[in-house]
Amino acid sequence: MAGLIQMIFPILDNHIHLRPDGRGVGAIADFEKAGGTHAILVHSPHPSSIITKPDDFRESYDITLHLADSINASRKVKVFVATGPYPILLLGLIDRYGLKKGVELMKSGMDIAQQLVLEGRAVAIGEIGRPHFPVSEIIWEASNELLLYGMELANEASCPVILHTESGTPDIMKELAEMADRAGLSRDRVIKHYSSPLVFPNENYGIVPSILSSRDAVRTALSKGDRFLMETDFLDDPLRPGAVMNINTVPKRTKAFIDSGIMSEEAAWRIHKDMPEKIYDININI
Ligand SMILES: [Zn+2]
C-alpha cells in the first residue's frame, strides 16, 4: 500500500550542527528533499571564534543563530537553536587561564545561553556536559560542577539541557538523572545526545535518549518503545563530509521504517512531534 496514500509526517532531526564554512543552508535543502521538516540546530564552537572573554561566547552563538535565521527565512524546514559552551572547551580554557578562570568563563557561556532561551531565540541549553574521553580528576570535577550549574540554569528558564558526555550506560544515566534532581530540573527535560537505544525506564532513568539513527539502533529502540528522539549529529565539516551521519538519515530511516511497518504511525507522531513539542515547548506544524 505504501505510495498509494502519501502520508505527511513531521520528521525532526534532534541534533545537527551547521558551519558557516560548511554546506549550511545547502545541507538543509538535502534534508528537506529527503522529507525532513524540523531540526534542532545545536551550537558547536566555530573554528573562527576563540574564547578569551564572556562576550566571545555571544559572538560565537550569534553565528549559529544567524544560520538558523537564514534557514527559517528561506526554507520550509524549521530549525530551533540550542546554545551552550561545548564541554571540551574547558580543557583549552584551563590551559590558558587556569582552573578558576576557565570555569568562570564556561559559566558565563552558560549564562548567555540561558539568556538566549529567556529571549526566545533558543529553545535549550546545549550541548553541555563533560568530556567523552578520560580526563584528570580536576577537570572531571570541574565539568560536573559546570553541568550541575547548566541544569540549574535550565530549571530557572524552564528549558531542557542537551547533554554531551561519555557513552551512556544505565549507571551513567542514573547518575545524570540524580544530578538533574539535585538541580531541580525535571528528568524529562534532560536529553542524552548521541545515545544508544536506552529506551526502557530502567535503562534511562527518565532521561530522554536522543538516538544516533543507525538502522540497528532505531530498530532496537522501537522494539522497546517510542519514548526517544532521533538524531544524526550531522557535523557539516567540509574536511569530513558525511561524518558522523549524513543529513538525510533521519527522514530516510523514518520513512523506510514506516513503510515496512517497523515504526507505527503512532510512534512516528510521538517521536517527531509530541515528544519534541513537550520537551522544548515548541510547535511542530507541517
Ligand atoms: Zn553535537
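A few points on the structure. Bear in mind that the values here come from a model prediction, so they are computed numbers and not experimental data. Every chain begins its residue count from 1, and numbering advances along the sequence as written. Residues qualify for local features only when their pLDDT is at least 70, as the model is predicted, and side-chain atom pairs are given and counted only at 80 or more; totals for whole chains, interfaces and linings, by contrast, use all residues. The basis for every side-chain value is the complete set of non-hydrogen atoms in the structure, without hydrogens or water.

Helical segments are the DSSP runs of H or I of at least four residues, strand segments are the runs of E of at least two, and each set is numbered from the N terminus. Per the secondary structure count, the chain includes 10 helices and eight strands. Using C-alpha atoms as the atom set, the radius of gyration is obtained and then compared with a globule rule of 2.2 Å times the number of residues to the power 0.38. At 18 Å, the chain has a C-alpha radius of gyration in line with the 19 Å of a compact globule built from 286 residues. Over its C-alpha atoms, taken along the principal directions, the chain stretches across nearly 65 × 40 × 35 Å. By definition in these notes, contact holds between two residues if any of their heavy atoms fall within 4.5 Å. Summarising the internal contacts of the chain: among those between residues at least 6 apart in sequence, 71% fall at separations of at least 24. The method behind every accessible area is Shrake-Rupley, applied with a 1.4 Å probe, and residues are considered shielded solely by the protein chains displayed. For the chain, the accessible area works out to roughly 12,300 Å², and carbon and sulfur atoms hold 53% of it. The convention is simple: Lys and Arg are positive, Asp and Glu are negative, and His and the chain ends are not counted. Here the site of a charge means atom NZ of a Lys, CZ of an Arg, CG of an Asp or CD of a Glu. Each charge class in the chain can be summarised by its mean position, and for the 30 positive and 38 negative side chains these summaries are 4 Å apart.

Below, the discussion takes up empty space enclosed by the protein. Space left empty within the atom packing is revealed by a probe, the size of a water molecule, rolled over the atoms. Here a cavity is any set of points on a 1 Å grid over the protein atoms alone where a 1.4 Å probe fits but cannot get out, and a pocket is any open set with protein on both sides within 12 Å along at least 5 of 7 lines; a residue lines the site when it has an atom within 4 Å of a point. Grid points are joined across faces, edges and corners, and a volume is the space filled by probe spheres set on the points. Per the counting criterion, the structure on display carries two cavities of 30 Å³ or more. The space that makes up the largest cavity amounts to roughly 50 Å³. As for the largest cavity, its lining consists of His 43, Pro 45, His 46, Ser 49, Ile 51, Phe 57, Ser 60, Tyr 61, Gly 84, Tyr 86 and Leu 89. Split by residue class, the lining of the largest cavity holds six nonpolar, five polar and no charged. Of the pockets and cavities examined, the second largest cavity occupies roughly 40 Å³. As for the second largest cavity, its lining consists of Pro 85, Tyr 86, Pro 87, Leu 90, Met 106, Met 110, Ile 128, Gly 129, Ser 143 and Leu 146. Within the residue set of the lining of the second largest cavity, elements represented by two or more residues are helix H4 (99-118), strand S4 (124-129) and helix H5 (137-157). Residues belonging to the lining of the second largest cavity are distributed by class as follows: eight nonpolar, two polar and no charged. Basically, the charged four are Asp, Glu, Lys and Arg, the nonpolar ten are Ala, Val, Leu, Ile, Met, Phe, Trp, Tyr, Cys and Pro, and anything else, Gly included, counts as polar.

Another aspect to go through is the pairing of strand S6 (residues 190-195). Of all six residues in S6, five are buried, a share of seventy percent or more. In terms of strand pairing, strand S5 (residues 161-164) meets S6 through three bridges, oriented parallel. Across the sheet, residue Val 161 finds its bridge partner in S6, namely Val 190. The path from the first strand over the helix to the second decides the hand: if it runs clockwise while the strands point away from the viewer, the crossover is right-handed. As for the winding sense of the linkage, the β-α-β connection from S5 through helix H6 (residues 170-183) to S6 is right-handed. Two strands pair under a simple rule: DSSP has to find at least two bridges between them. In terms of strand pairing, S6 meets strand S7 (residues 208-212) through three bridges, oriented parallel. In the strand pairing of S7, Ile 191 is matched with Val 208. Each residue is assigned to one of three classes by its accessible area relative to the maximum for its type, calculated with a 1.4 Å probe on protein chains only: buried under 20%, partly exposed between the two thresholds, exposed over 50%.

Here we come to the layout of surface pockets. Approximately 430 Å³ is the volume found for the second largest pocket. Taken together, 21 residues make up the lining of the second largest pocket; nearest its centre are Tyr 86, Glu 127, His 164, Asp 233 and Leu 235. Residue assignment for the lining of the second largest pocket shows that the elements contributing at least two residues are S5 and S6. With three residues, S6 is the largest single contributor of residues to the lining of the second largest pocket. Looking at side-chain class alone, the lining of the second largest pocket contains seven nonpolar, seven polar and seven charged residues.

Of the consecutive residues Gly 126 and Glu 127, the connecting peptide bond is found in the cis state with omega at 0°. Mapping Glu 127 onto the fold places it in strand S4. The backbone of Tyr 194 sits at a positive phi, close to 60°, despite the residue not being glycine. Inspection of the secondary structure puts Tyr 194 in strand S6.

Okay, the nonpolar core next. Definition used in this section: a nonpolar core is a set of buried Ala, Val, Leu, Ile, Met, Phe, Trp, Tyr and Cys residues joined via side-chain atoms within 4.5 Å. Leu 18, Ile 125, Met 151 and Val 161 are the most contacted members of the largest nonpolar core, which has 55 residues in total. Apart from residues no more than four positions distant in its own chain, Val 161 is found in contact with Ile 125, Ile 128, Gly 150, Met 151, Ala 154, Leu 185, Arg 189, Val 190 and Ile 191. Counting 17 residues, the second largest nonpolar core, distinct from the first, contains Ile 11, Ile 211, Ala 217 and Val 250.

Each aromatic pair joins two rings of Phe, Tyr and Trp (for Trp, the six-membered one) with centres within 6.5 Å, and gets the label stacked for planes under 30 degrees apart, edge-to-face for over 60, and tilted for any other angle. Evaluated as defined, the whole model comprises two aromatic pairs. Arranged with centres 5.7 Å apart and planes meeting at 45°, the rings of Phe 9 and Trp 269 form a pair that is tilted. Taken together, the residues Phe 9 in the segment before strand S1 (12-16) and Trp 269 in helix H10 (residues 265-280) connect sequence positions 260 residues apart. Owing to a relative accessible area of 10%, Phe 9 belongs among the buried residues under this scheme. Here the aromatic rings of Phe 57 and Tyr 61 are separated by 5.9 Å at their centres, their planes lie at 40°, and the arrangement is tilted. In this pair, Phe 57 and Tyr 61 both sit in helix H2 (residues 54-74), four residues apart, roughly one turn of the helix. Accessibility assignment for this pair places Phe 57 and Tyr 61 in one class, buried. The lysine or arginine in question, Lys 101, covers the ring of Tyr 97, its NZ or CZ lying 4.4 Å from the ring centre. A positively charged side chain is recorded as over a ring if its NZ (Lys) or CZ (Arg) lies within 6 Å of the ring centre. The angle to the ring normal must also be within 35 degrees.

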